[in-house]
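Next come the chains, spelled out residue by residue.
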Amino acid sequence: MNNWKKNLLAAAVLLVVCAGIYLNWMYSSAQDVEALTDTLDAQKVLALDALDADATDGVDTVSDYFAAVRLSRQEARDNAVTLLQEAMAYSEDSEAAAGSEQLEQIVEQALCEAQIESLIIAKGYADCVAYMSDDGISVAVASPEGGMTQADVALVADIVLSQTGFSLEDVRVVEVQ
């Protein structure tokens, strides 16, 4: 009976992860996002021609940056989930339980990052991306007009601290211009 509950929990987590992947794929295809290599090449070109770029090019570059980061983060998670699922399929019960815990941790991190991003955008910032790791969290925020102030950084850090168990020393806020 206990094994049945573990399998049900693993199936539920897998279903949530697959639904998230599917929704991300649908959103990505609807947005017509460039490939990651195309975006990086475009950024190199824009960096060389920075003196000739006008304000609207900067907005496109910033939105491309956030789309590329989200895409690469999702691809990394998808690969990790696939590897965990394969390991769980061919492992014993104790190893499957460890894999299930790692899968749950990935889902919890994804949900926490999404909550942080939503709250920061709700505070009036154009866009942001949060990335959690074992040693801290990094939040890249689109620069408001006039640049980020200490009050902006404090607001972002407060949101992160309220949603995670990290201390202030573990929070990194990066301004994306």
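Only a predicted model underlies this, so the values are computations on that prediction, with no experimental measurement involved. (Residues numbered from 1 in each chain as written. Predicted model: local features only at pLDDT ≥ 70, side-chain atom pairs only at ≥ 80, totals over all residues. Heavy atoms only, no water.)

Colleague: I would appreciate a short explanation of the overall build of the protein in the present structure.
Modeller: Each helix and strand in the protein was counted, giving 5 helices and 3 strands. In the protein, the succession of α and β elements from N to C terminus is α-α-α-α-β-β-α-β. Counting every position in the protein, which comprises 177 residues, the buried fraction comes to 27%. Considering only intrachain contacts with a sequence separation of at least 6, the fraction spanning at least 24 residues in the protein is 63%. In the structure as shown, the protein presents an accessible area of about 11,400 Å², 58% of it carried by carbon and sulfur atoms. (Helix = DSSP H or I, 4+ residues; strand = E, 2+ residues; numbered from the N terminus. Buried < 20%, exposed > 50% of the residue type's maximum accessible area, 1.4 Å probe, protein only. Contact = heavy atoms within 4.5 Å. Areas by Shrake-Rupley, 256 points an atom, 1.4 Å probe, with all protein chains shown as cover.)

Colleague: Whenever I open this one, the confidence of the model for the protein confuses me. Can you help?
Modeller: As a general rule, the predicted coordinates of low-pLDDT regions are not to be interpreted in detail. Of all residues in the protein, 79% have pLDDT values of 70 or greater, and the mean over the chain is 77. In this model, residues 32-58 is a region of pLDDT below 50 whose contacts with residues beyond four sequence positions or in other chains number 11 contacts. (pLDDT = per-residue confidence, 0-100.)

Colleague: Can you help me understand the pairing of strand β1 (residues 128-133) in this one?
Modeller: Look at any regular strand and the pattern is simple: side chains alternate between the two faces of the sheet. Two elements, β1 and strand β2 (residues 136-142), share 6 bridges in a ladder whose sense is antiparallel. Across the sheet, the residue bridging to Ser133 is Gly136, located in β2. Turn length for the β1-β2 hairpin, with the two strands adjacent in sequence and antiparallel, is 2 residues. (Pairing = 2+ DSSP bridges.)

Colleague: So what exactly am I meant to see when it comes to the packing of aromatic side chains here?
Modeller: Under the defined criterion, the tally for this structure stands at 1 aromatic pair. Consider the rings of Tyr65 and Phe66, whose centres lie 5.3 Å apart with planes at 70°: the pair is edge-to-face. On the basis of relative accessible area, Phe66 is assigned to the buried category, the value being 0%. (Phe/Tyr/Trp six-rings, centres within 6.5 Å; stacked < 30°, edge-to-face > 60°.)

Colleague: Help me understand the packing of helix α4 (residues 93-122) against helix α5 (residues 150-163), please; the structure alone is not making it clear to me.
Modeller: For any two helices packed against each other, the geometry comes down to the angle between their axes and how far apart the axes lie. Where α4 meets α5, the axes come as close as 10 Å, and the angle between the chain directions of the two elements is 145°. Along this stretch, α4 crosses α5, giving a crossing that reads as right-handed. For the pair α4 and α5, contact is made by Cys112, Gln115, Ile116, Leu119 and Ile120 and by Val156, Ile159, Val160 and Gln163, respectively. Class assignment of the residues belonging to the contact of α4 with α5 gives a composition of 7 nonpolar, 2 polar and no charged. (Axes fitted to C-alpha atoms, helices over the stretch in contact; angles between N-to-C directions. Left-handed = near helix turned anticlockwise from the far one by under 90°. Nonpolar A, V, L, I, M, F, W, Y, C, P; charged D, E, K, R; others polar.)

Colleague: Sorry, what's going on with the pairing of β2 here?
Modeller: Counting buried positions along β2 gives 6 out of 7 residues, so the element sits mostly inside the fold. Two elements, β2 and strand β3 (residues 171-176), share 6 bridges in a ladder whose sense is parallel. Within β3, the residue paired with Ser138 across the bridge is Arg172. Read as a crossover between parallel neighbours, the route from β2 over α5 to β3 is right-handed. (Right-handed = clockwise from strand over helix to strand, strands pointing away.)

Colleague: Help me understand the side chain of Asp152, please; the structure alone is not making it clear to me.
Modeller: Here Asp152 lies in helix α5. With no salt bridge to any partner, buried Asp152 finds its closest opposite charge in Lys123, at an N-O distance of 11 Å. In contact with Asp152, other than residues within four places in its own chain, are Tyr125, Pro144 and Gly147. (Lys, Arg positive; Asp, Glu negative; His and termini not counted. Salt bridge = Lys/Arg side-chain N within 4 Å of Asp/Glu carboxyl O.)

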